[in-house]
Amino acid sequence: MELEDWLSRAVHAVRDWQRTYGDFEMHESLRVSDDAFGAALDELTARLTDNYPFFHPVYAGQMLKPPHPAAVVGYLATMLINPNNHALDGGPATAAMEKDVVGQLAGMFGLSQHLGHLTTSGTIANLEALYVARELHPGKGVAYSADAHYTHGRMCGVLGMPGTAVGTDARGRIDLAELDAVLAGGEIGTVVATAGTTGLGAIDPVHEVLAVARRHGARVHVDAAYGGFFTLLAGQDDAAGLDPAPWRAIAECDSVVVDPHKHGLQPYGCGAVLFSDPDVGRFYVHDSPYTYFTSGDLHLGEISLECSRAGAAAAALWLTFRLLPPTRAGLGAVLAAGRRAAVDWAGVLAASASLRLYQRPELDIVCYFPVTAGRSLSAIDRASARMLANGMAAENPVFLSTLRVGADEFRRRDHRVDADASGARILRSVLMKPESERYVGELHARLEQLARAEPG
Ligand SMILES: *Cc1c(COP(=O)(O)O)cnc(C)c1O
């Protein structure tokens, strides 16, 4: 069946339930004419064509793709009712679904017990983890790698805690010796390890970060907003497989964040935070004169900083997991295809005369730059920016993104460059659609063409 058939089935099912309460008329103030609705909708769909083709494998730019049809149908069916997962009074069915999917996420990371909930985004999920970190280590700061998401530095500011950026190694991972030295100062209460950096997809060695942090009595929070679902490939015995050590260590850490709206096939509005010690719920204690009246059971609003949250987001994830569970054979197969695409493409790039691989991809993000005659950073920067623009303007367009990297970072990766500038933009492709696997050849051919058209 097609998406439109599933949508129609969902609308009918919700209508059938609504009718059990008896018919009533929609108020005239809400009524609009079909002509007006049609005209406005046509205007909307026309305006929506001003988008990049996130759905198509020619789009190999940022972390963007449409949700799975199951997520769309689950979301829209639930949105007709519009439950609010803040409290059981607002959404009993979807609150139960949220607890169910959060339990599945905890199981995926191997947590033996947990307290957690969905959030509107990875940003809010990380904010909650840092908030709890502050409550447990008042007066102390947070350390994260220089390649960690900018949200950590920013949220440290919001929470009034000092944030310290630690350098990275030749693979974009947090430098353990430097981390050890920073922690020895005694001012850090929590270390953020990133499992899949946003720029390069690098995986901090969570197991080693954990050992260093514990030696200094610090907590460890894992930001797996992008990479979290890749834990499904940990130890897999093939080209897509990942070193299991960092992923297995997440179970021993204090908190972890994962974004189902990135690699969990969901529409935006779905992050998640999990704590390994359910007792941290005490930091959320508050009274609400408005809510929490239908039951003494846990209301999700009692353990989250956000109030209103879409029950539809929980329902969409629940329906998706019913069909593509967070297992190696389920969602794992989706991620494995993108991972294989990245590994294959890295091999092709390594043999290219016009494009250079920046570093070996650790997940499904591939970074590369055009080979220029003078090897100067300013030439690499200009050529990357031109390829990005020319790629989108071409008759056979291709959509990329850029990443700014510093001169030292080129050197650390043994790229011979003339550092006539502090850094340069390079090209970056996130291969998060499994369809990319069969498209890498075509993609590479188009990029070779663009690179060869460069003045050099
Ligand atoms: C995307 C991302 C975030 C921010 O999450 P949003 O859902 O965009 O708010 C935080 N950390 C990492 C590593 C990310 O990739």
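Note that the structure is a prediction, hence the values are computed from the model and not measured.

Asker: Give a detailed account of the sheet that holds strand 9 (residues 365-370), specifying residues and quantitative values.
Answerer: Strand order in this open sheet of 4 strands is 8-9-11-10, and the pairing throughout is antiparallel. Every interior strand has two partners, whereas the edge strands, strand 8 (355-357) and strand 10 (401-406), have only one. Going from strand to strand, the sheet's axes swing by 40 degrees on average, the running direction of each strand aside. Bridge count for strand 9 against strand 11 (residues 423-430) is 4 bridges, and the pairing is antiparallel. Each residue of the ladder has a partner; that of cysteine 367, found in strand 11, is arginine 428. Strands strand 8, strand 9 and strand 11 of the sheet are contacted by helix 12 (residues 331-350), whose axis makes an angle of about 20 degrees with strand 9. Across the sheet, helix 13 (residues 377-393) is in contact with strand 8, strand 9, strand 10 and strand 11; its angle to strand 11 comes to roughly 35 degrees.

Asker: Explain the site of the ligand to me, using residue names and the numbers behind them.
Answerer: What surrounds the ligand is a group of 13 residues, the closest being Thr123, Asp223, Asp259, His261 and Lys262. Glycine 122 is positioned with one of its backbone polar atoms (N or O) 2.8 Å from an oxygen atom of the ligand. Taken by itself the ligand offers 380 Å² of open surface, and the protein chains cover 88% of this. Contributing elements (two or more residues each) for the shell around the ligand: helix 5 (122-136) and helix 10 (260-263).

Asker: For the pattern of salt bridges, give the residues involved together with the corresponding values.
Answerer: What the rule picks out here adds up to 16 salt bridges. Arginine 173 is the partner of aspartate 169 in a salt bridge, and the nearest nitrogen-oxygen pair spans 3.0 Å.

Asker: Can you tell me about the packing of helix 1 (residues 3-19) against helix 3 (residues 69-79), naming the residues and giving the values?
Answerer: Between helix 1 and helix 3, the least distance of the axes is 9 Å, while the angle of their chain directions is 25 degrees. Relative to helix 3, the element helix 1 is oriented roughly parallel. The two elements helix 1 and helix 3 cross, and the hand of that crossing is right-handed. Touching Leu3, Trp6, Leu7, Ala10 and Val14 of helix 1 are Pro69, Val72, Val73, Leu76 and Ala77, all from helix 3. In the contact of helix 1 with helix 3, the residues fall into 10 nonpolar, no polar and no charged.

Asker: Account for the domain arrangement of the protein, with residues named and values stated.
Answerer: Domain annotation for the protein reports domain 1 (78-323) and domain 2 (331-452). A straight line from the C-alpha centre of domain 1 to that of domain 2 covers 30 Å. With 32 residues of domain 1 at the interface, the matching set in domain 2 holds 23 residues. Summed over both sides, the interface between domain 1 and domain 2 buries roughly 2200 Å², with carbon and sulfur atoms accounting for 64% of that surface. Our count for the domain 1 to domain 2 interface comes out at 1 salt bridge. With a shortest N-O distance of 3.0 Å, glutamate 362 and arginine 171 are connected by a salt bridge.

Asker: Break down the packing of helix 5 against helix 6 (residues 150-159) for me, with residues and values.
Answerer: Between two packed helices, the angle of one axis relative to the other and the distance separating the axes together describe the packing. Between helix 5 and helix 6, the shortest axis-to-axis distance is 10 Å and the interhelical angle comes to 50 degrees. Taken together, helix 5 and helix 6 sit at an angle that is classed as oblique. Where helix 5 crosses over helix 6, the two elements pack in a sense that is right-handed. On the side of helix 5, the interface is formed by Thr123, Asn126, Leu127, Leu130, Tyr131 and Arg134, while helix 6 contributes Thr151, His152, Met155, Cys156 and Leu159.

Reading guide: rules and limits
Residues numbered from 1 in each chain as written. Predicted model: local features only at pLDDT ≥ 70, side-chain atom pairs only at ≥ 80, totals over all residues. Heavy atoms only, no water. Pairing = 2+ DSSP bridges. Helix = DSSP H or I, 4+ residues; strand = E, 2+ residues; numbered from the N terminus. Axes fitted to C-alpha atoms, helices over the stretch in contact; angles between N-to-C directions. Contact = heavy atoms within 4.5 Å. Near = heavy atom within 4 Å. Polar contact = N/O pair within 3.5 Å; in protein donor to acceptor, adjacent residues only side chain to side chain. Areas by Shrake-Rupley, 256 points an atom, 1.4 Å probe, with all protein chains shown as cover. Salt bridge = Lys/Arg side-chain N within 4 Å of Asp/Glu carboxyl O. Parallel < 35°, antiparallel > 145°, perpendicular 65-115°, else oblique. Left-handed = near helix turned anticlockwise from the far one by under 90°. Nonpolar A, V, L, I, M, F, W, Y, C, P; charged D, E, K, R; others polar. Domains from an automatic or database assignment. Buried area = accessible area lost by both parts, 1.4 Å probe.

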